[in-house]
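# What the coordinates show
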Amino acid sequence: MQERRDLPSAKINVDLMDFTLHTPLWFWVVAFVLSSILGLAAITYIFVLYYGLELLGYQNTIVWGFLITNFVFWVGISHAGVMISAILRLSQAEWRRPVTRAAEVMTVFALATAASFPVLHTGRPWRTLYWAFPYDYARGIFPDVRSALIWDPSAIFTYLSSSAAFVYVALIPDLAVARDMTTGWKHTAYAILAMGFRGTGRQWKLQTTAGILLSALILPVFVSVHSIVSWDFAAAILPGYHATVFPPYFVIGAVHSGVSAVATLMAIVRKIFHLEDYITPDHFDALGRLLTVVATGWLYFFLMDVFFGMMGEGTSELEVWTLRFFYAPYSFLIPIMIITSYIIPVPLWLFRKMRRNITVMFWSSLCVNVGMWIERYYIIVPPQSFKQVFSFLWIQSYAPRWADWILVIASFALVSFGVLLFAKLFPIIPLFDIKEGQVLKQELRIGRVKVPAVIRE
Amino acid sequence: MATRVRDTILGVFGDPETVVAAVDNLRKAGFTGPDVKVLSDTPYPEGAFGESPERHRLYVFPFMGAICGFSVAVLLTVATQIAYPMVTDGKPVISIPPMVNIMYEGTMLGAIMFTVMGIIFESRLPDFSPSPYDARISEGYLGLLVSGPTAKLDTAARALRDGGAVDIVTADGPRARV
């Protein structure tokens, strides 16, 4: 990290609390657009409830379509948020400071959005919930803990509540700053949320220890969640799903899409909140280097999945891969996926100049997530549509309908709206972390040069 | 309680060096250990101002939480399987391998939630007591909170001023709301 700026505490407060304390016109415009999309999605879902799941393009054998694809995609996005925050905190990486909270917040909203999709997908959400939460005692129906579909809600519930608690704990010092900078009902609200935090030595010590301890506890949950999501598929006997490589493949895919989403989000936050002093090309440089390694790991597991399918004993697995590679529309999707997730971004990220170019990082990271959405689609849909033993199950390709598209678009609107609303109410960049970086920074003179350094306990 | 509030004053300082000088003055005046607390808007390395090291028992909480979470998960998984004892593929009704997933998540959830509770508890929060406070601390100023007998507070105030305090705040002051 070569760039260091001198930022007094008061300036940090003013810069990072600006959007929280003042509402620009564009906020209302964006909030209106996103709310409209969400409203449209709500109306669409009412139609789905009324007319049934035929509006979602499901077919005889294909019952996991766009909505489940979207579920896996958002679980993936949610992963890198807390992962990146936790790993960077544990390793005391200096460049973590402006990145962590946005990443954690994205985790919370992406995961909450993801969790809603399997419920929506069933078409009768109120009847589905008792699979996970046994409220229907009268009929003696209880969750079947032997089913992967029950492991999944337990993992997502753990990850969601842990991530939300993680965000709140790290937010307490900044809530105290918000309390001190506001008056009236806002002051009262922030004061209640800050719980009387004053910044004593003890409170800071606990805050620092908490960051490390919670990171260490959340990391194993992060790995388990996407492994368990992969078991939704891998624990089934359907050819194309039943693969032992799925857990690590899903986890690395989640990291790839999630870290890319963090890069996209940081570029947007930097631009719209004018945070050029806080989110610098150095941060994108570091993210780009991390992404290069992660993307290559992801490609390795993708190839392993292909090889395991080709070298397996059963022919059905091979037929699924034949369908994926040689039959439209899947045959178009796989090249698009590889090109967008690897071939376009990784060569760009190999060059420092490109990694430090924020426009390049924004588009290349966005490109990755286009590919990663397609990856989830090709994993989920083709195995359900290949020609099975009974000819009456030979069906046309899955074709999503208008309701699918609206619900998928609405999921992006929901996550964006959640993050935007959070940034409106609370600082999206941790003030105390940035201030700590200012307190601990140093410059060492070595020979004729001055080198930036950081004091560590 | 009211007496105790009057026994606390806050010195506001512009930079860390003056806080160190004031802490030394207070020590000479007989204020030590928990009587003196430094307030700041960012974590400083422990002992930077010559304050006593803080001890806590946060590390106990995750273990307690993990035990509770694991126990609840075992009870839940066993109870639901017994409540609907369906034999699947000749396997035992209480099937341990799939229970491991939920037991793992339950254990981690318990550990994390207890840790969060531990952080709040050990940070002595919530604390809405009317102790002196100054909003300038959020702008980078440092606070030195001194507690002691009312008779000795004049000495403390003098020590703070001699150390370089830019302001002295009492609990009755205009900026005392937290």
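Keep in mind that what you see is a predicted model, and the values were worked out from it rather than measured.

Across its full length, chain A holds 18 helices and two strands. Over its C-alpha atoms chain A spans a radius of gyration of 23 Å, differing by no more than 12% from the 23 Å that the globule rule assigns to 457 residues. In terms of overall dimensions, chain A has a C-alpha envelope of 75 × 60 × 40 Å along the principal axes. With 457 residues in all, chain A has 47% of them scored as buried. In chain A, of all internal contacts separated by at least 6 residues, the share reaching a separation of at least 24 is 77%.

Let's shift gears to the overall build of chain B. On a plain count of helices and strands, chain B comes out with five helices and four strands. Traced from its N-terminal end to its C-terminal end, chain B shows the element sequence α-β-α-β-α-α-β-α-β. Rg of the C-alpha trace for chain B: 25 Å, well past the compact-globule value of 16 Å for 178 residues, more than 25% over. C-alpha extents for chain B along the principal axes are approximately 85 × 30 × 30 Å. Counted over contacts in chain B with a minimum sequence separation of 6, partners at least 24 positions apart contribute 84%.

The end-to-end C-alpha distance of helix α4 (residues 100-121) of chain A is 32 Å, a good match for the 32 Å that 22 residues give at a rise of 1.5 Å each. Glycine 123 of chain A occupies a position one or two residues after α4 of chain A and carries a positive phi of about 85°.

Right, let's get into helix α7 (residues 184-194) of chain A. Residue and element names in this part refer to chain A. The set of residues buried in α7 consists of Tyr190, Ala191 and Ala194. Projection of α7 onto a plane perpendicular to its axis shows the buried side chains occupying an angular sector of 105°, all on one side. Following α7 by one or two positions, methionine 195 has its phi on the positive side, about 60°.

Attention now moves to the pairing of strand β1 (residues 8-13) of chain B. Residue and element names in this part refer to chain B. Counting buried positions over the six residues of β1 gives six, a clear majority of the element. Here β1 shows no split at all, with Thr8, Leu10 and Val12 on one side and Ile9, Gly11 and Phe13 on the other all buried. Relative to strand β3 (residues 142-147), β1 runs antiparallel, the two sharing six bridges. Paired with glycine 11 across the two strands is leucine 144, which belongs to β3. Looking at chain direction, β1 and strand β4 (residues 167-170) are connected through four bridges and run antiparallel.

With 52 residues of chain A at the interface, the matching set in chain B holds 50 residues. Mapped onto the side of chain A that touches chain B, the elements with two or more residues apiece are α1 (9-21), α6 (148-181), α8 (201-234) and α18 (431-440) of chain A. Ranked by the residues each element gives to the side of chain A that touches chain B, the list is headed by α8 of chain A, at 18 residues. A breakdown of the residues in the side of chain A that touches chain B according to their chemical character gives 28 nonpolar, 16 polar and eight charged.

Below, the discussion takes up the confidence of the model for chain B. Residues and elements named next belong to chain B. When the pLDDT values of chain B are averaged, the result is 85; 92% of them are 70 or greater. Predicted confidence in chain B is weakest over helix α1 (residues 2-6), with a mean pLDDT of 49, and strongest over helix α4 (residues 96-122), with 94. Confidence estimates for the predicted assembly give a pTM of 0.90 and an ipTM of 0.90.

What counts, and at which threshold
- Residues numbered from 1 in each chain as written.
- Chains lettered and ligands numbered in written order.
- Predicted model: local features only at pLDDT ≥ 70, side-chain atom pairs only at ≥ 80, totals over all residues.
- Helix = DSSP H or I, 4+ residues; strand = E, 2+ residues; numbered from the N terminus.
- Rg over C-alpha atoms; globule rule 2.2 N^0.38 Å.
- Buried ≥ 20, exposed ≤ 12 C-beta atoms within 10 Å, placed from the backbone.
- Contact = placed C-beta atoms within 7 Å.
- Expected span 1.5 Å × (residues − 1).
- Arc of directions from axis to C-beta.
- Pairing = 2+ DSSP bridges.
- Nonpolar A, V, L, I, M, F, W, Y, C, P; charged D, E, K, R; others polar.
- pLDDT = per-residue confidence, 0-100.

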